[in-house]
Amino acid sequence: MSISLSQQVAIVTGASSGIGRAIALAMAKAGASVTVDHYRDGTAASEVCDEIIATGGQSLAIDADVSNESEVKRLFSETIDRFDRVDIVVANAGIQQDAALVEMSLEQWNRVLAVNLTGQFLCIREAVKQFLRQGVRQKVSRSAGKIICMSSVHEIIPWAGHVNYAASKGGLNLLMQSTAQEVADQSVRINSIAPGAIRTPINQSVWSQPEGRAGMLRLIPKGRIGDPQDVAKAAVWLASDESDYVHGTTLFIDGGMTLYPGFSEGGG
Ligand code: NAD
């Protein structure tokens, strides 16, 4: 199945590396014009844009911190100045700042919640406002706009040593679902993707070490760590009308991590 996102404009946050980068490239390959949001990572973001432009696509890099209200507003206004509209928002930016609960500083708690949860709120709010302003273009898509929130298996799997991260992703689930309820009859579609272990810089310290890699693999029934492209392909589908009836749900892309592999032999 070949999916076209031509004549559509996508904003992908945190698109200078990892999953966001793969999604930006995949959306451009499907024909979308893409804003590559990044956080003080201009060189890597320019490389993503160059790759898109080299294959005939259109792209714009914007440095905007998703936890900052005025920077998110500027992310949207500069995208609209350049491309006239926004059809797809992938709220992908996310961070980890790990510590045991009793050692976690308020700064670590606040920063992870600010980027991973408040950042989602700010992007979702600007997206919905823009989608309602611009309305549906029937020849292009059945929706005025589509939002994809990048969650994690830790929206449902508790994660000791990462309470800030797990809380941010658990909160994101109800932010996404409540928004879905609120906008369902306004031609705005919103869903989440919940990746398991995907090979990116965020978890490089784990998968790059033999012990860490083996530990990861014990949690993945499918027996391999995911690639950013595993997520990017699904994001293109979720952004397209091929998934038009999918709304308010989370798509887990985790090689079976949420199947409780510890119970695979009866658990006894
Ligand atoms: P990554 O570190 O490669 O990408 C994160 C991106 O977010 C980076 O480009 C970073 O510059 C950007 N970013 C950080 N703070 C930002 C801010 N304040 N404003 C804008 N951008 C900011 O890691 P990744 O694995 O590609 O992570 C992408 C998303 O996927 C995150 O939300 C993460 O929680 C989620 N996720 C990843 C995995 C995994 O195994 N890699 C699993 C589950 C969920």
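Everything quoted here is computed from the prediction, not taken from an experiment.

1. So, the site of the ligand
If you check the shell around the ligand, you find 29 residues, and the closest are S17, N92, Y165, I198 and T200. Take I19: an N or O atom from its main chain is 2.8 Å from an oxygen atom of the ligand. Summarising the interface, the protein chains cover 93% of the accessible area of the ligand, which totals 820 Å² for the free molecule. Among the elements of the structure, α1 (18-29), α4 (106-134) and α5 (163-183) are those that each provide at least two residues to the shell around the ligand. When grouped by side-chain class, the residues that make up the shell around the ligand number 14 nonpolar, 11 polar and four charged.

2. Some words on the pairing of strand β1 (residues 9-12)
Sheet faces and side chains relate simply in a regular strand, where the side chains alternate between the two faces. With burial as the criterion, each face of β1 is covered, one bearing V9 and I11 and the other bearing A10 and V12. One ladder, built from four bridges, connects β1 with strand β2 (residues 33-38); its direction is parallel. Bridge pairing links I11 to T35 in β2. A crossover connection joins β1 to the parallel β2 through α1; in handedness this β-α-β unit is right-handed.

3. Some points on the environment of Q181
If you trace the backbone, Q181 turns up in helix α5. For Q181, a relative accessible area of 69% translates into the label exposed. The spacing of Q181 and K29 is 152 residues in sequence and 31 Å in space, taken between C-alpha atoms.

So, how was this worked out
Residues numbered from 1 in each chain as written. Predicted model: local features only at pLDDT ≥ 70, side-chain atom pairs only at ≥ 80, totals over all residues. Heavy atoms only, no water. Near = heavy atom within 4 Å. Polar contact = N/O pair within 3.5 Å; in protein donor to acceptor, adjacent residues only side chain to side chain. Areas by Shrake-Rupley, 256 points an atom, 1.4 Å probe, with all protein chains shown as cover. Helix = DSSP H or I, 4+ residues; strand = E, 2+ residues; numbered from the N terminus. Nonpolar A, V, L, I, M, F, W, Y, C, P; charged D, E, K, R; others polar. Buried < 20%, exposed > 50% of the residue type's maximum accessible area, 1.4 Å probe, protein only. Pairing = 2+ DSSP bridges. Right-handed = clockwise from strand over helix to strand, strands pointing away.

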